[in-house]
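If you want the building blocks of each chain, they are given just below.
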Amino acid sequence: QDHFYADPRFSDKQFLVTAGPTYEAIDPVRFIGNHSSGKMGFALAEAITSLGGKVVLISGPSSLQVKHKNIELIRVTSALEMLDAVQQKWGQTDLGIFAAAVADYRPAVAENQKIKKTADELEIRLEKNPDILSWAASNRPAGANQKVVGFALETQNGLEYAKGKLEKKKLDAIVLNEMGDPGVGFGTDTNSVKLLFKSNKMRSFELQSKQELAFSLLNELMNNLYE
Ligand code: CTP
Ligand code: CA
């Protein structure tokens with residue numbers, strides 16, 4: 001259970017990782033969600049602890065479990081609950097990695113009772129969820145040297161969109177997932193990504209298991225985010 005190699009760059013830091021999808025209630029038995037499994041975020045949390053770091057893992061609905069005592073797992077359901085959990089932990093965080101696939105919209109009204117199929121057509125009005133990553137990046141405690149890393153999932157124009165998110169959300173780095181590449185994306189055990197830094201530096205990672213990729217990403221982040 002103990003880490004096999006305590007890297008001082010990890011043991012002196014408190015990490016926060018978001019993972020999984022969020023579920024947005026339509027009524028007591030239905031929700032809007034997505035196919036995120038949580039695997040990448042859980043792999044990052046496991047890798048951080050095995051290198052000696054402490055991590056708060058805030059996850060939407062996922063069947064995954066954690067083993068390590070240095071992972072504080074907070075399970076949430078909706079984007080609003082995830083934001084609340086992040087806000088509670090943000091002040092004690094050195095490095096935040098936002099791997100969750102947060103639902104961009106939620107039903108404006110979550111019905112108290114199950115919706116009956118009386119109408120021939122049904123419209124559900126959606127409202128935008130708050131951007132948890134943007135909140136974190138723009139609410140860094142003064143003088144804390146906090147670092148913020150986002151993820152971007154794109155189906156086209158990946159580099160352009162990811163660079164846009166890096167700047168707009170004021171991130172230190174962003175991990176670009178390009179769906180459509182084989183073995184990449186939701187539910188798969190493997191991933192191949194690009195890591196883009198604020199400095200414009202870019203690093204590509206070939207297809208590998210999400211466990212291996214977690215170590216590769218963390219190593220690259222440590223080398224580039226801290227001088
Ligand atoms: N994110 C978040 N809160 C949201 C939406 C997204 O924290 N409400 C985070 C994700 O965890 C990820 C990053 O923002 O780290 C980018 O998510 P993505 O869906 O790729 O980008 P969006 O900004 O939501 O833009 P779009 O879906 O339109 O591409
Ligand atoms: Ca989105």
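Scoring rules and cut-offs
- Residues numbered from 1 in each chain as written.
- Chains lettered and ligands numbered in written order.
- Predicted model: local features only at pLDDT ≥ 70, side-chain atom pairs only at ≥ 80, totals over all residues.
- Helix = DSSP H or I, 4+ residues; strand = E, 2+ residues; numbered from the N terminus.
- Rg over C-alpha atoms; globule rule 2.2 N^0.38 Å.
- Buried ≥ 20, exposed ≤ 12 C-beta atoms within 10 Å, placed from the backbone.
- Contact = placed C-beta atoms within 7 Å.
- Near = placed C-beta within 6 Å.
- Nonpolar A, V, L, I, M, F, W, Y, C, P; charged D, E, K, R; others polar.
- UniProt positions renumbered as here; feature names shortened; annotations may be inferred.
- Pairing = 2+ DSSP bridges.
- Axes fitted to C-alpha atoms, helices over the stretch in contact; angles between N-to-C directions.

Caption draft 1: Focus on the overall build of the protein. For the protein, the helix and strand inventory stands at 6 helices and 14 strands. The C-alpha radius of gyration of the protein comes to 18 Å, within 12% of the 17 Å expected for a compact globule of 227 residues. Taken along its principal axes, the extent of the C-alpha atoms in the protein is 60 × 40 × 35 Å. Considering the protein as a whole, with its 227 residues, one finds that 37% of them fall into the buried category. Long-range pairs, those at least 24 residues apart, make up 62% of the contacts in the protein between residues at least 6 apart in sequence.

Caption draft 2: Representation of the site of ligand 1 in the model. Not every one of the 15 residues close to ligand 1 is listed here, only the nearest: Phe98, Val102, Ile132, Leu133 and Gly150. Those elements giving two or more residues to the shell around ligand 1 turn out to be helix 4 (132-137) and strand 9 (147-154). For the shell around ligand 1, a count of residues per class yields 9 nonpolar, 3 polar and 3 charged.

Caption draft 3: Representation of the UniProt feature "binding site: CTP" (unreviewed entry) in the protein. Taking the numbering used here, the UniProt-annotated feature "binding site: CTP" (unreviewed entry) corresponds to Asp104, Lys114, Pro130, Asp131, Ile132, Leu133, Phe151, Lys165 and Lys169. On the basis of their most widely separated C-alpha atoms, the annotated residues across 66 residues do not gather in one place, lying as much as 37.6 Å apart. In this fold, leucine 133 is placed in helix 4. Excluding residues that lie within four positions of it along the chain, leucine 133 makes contacts with Phe98, Gly150 and Lys169. Excluding anything up to four places from it in sequence, lysine 165 contacts Gly150, Ala152 and Ile174.

Caption draft 4: Representation of the environment of glycine 41. In this fold, glycine 41 is placed in helix 2 (residues 39-50). What makes glycine 41 buried here is the crowd of 28 C-beta atoms within 10 Å. Between the alpha carbons of glycine 41 and isoleucine 97 there is a distance of 8.3 Å; along the sequence they are 56 residues apart. With residues up to four places along the chain from it excluded, the contact list for glycine 41 reads Val17, Thr18, Ala19, Gly20, Leu57, Ser59, Ala99 and Ala100.

Caption draft 5: Local environment of the sheet that holds strand 4 (residues 54-59). In spatial order, the strands read 5-4-1-6-9-10-12-13; together these 8 strands make up an open sheet with mixed pairing. The open sheet has two edge strands, strand 5 (71-75) and strand 13 (202-204), and neither has a second partner. Each adjacent strand pair in this sheet contributes to an overall mean axis angle of 15°, direction not counted. Bridging between strand 1 (residues 14-19) and strand 4 involves 6 bridges; their strand directions are parallel.

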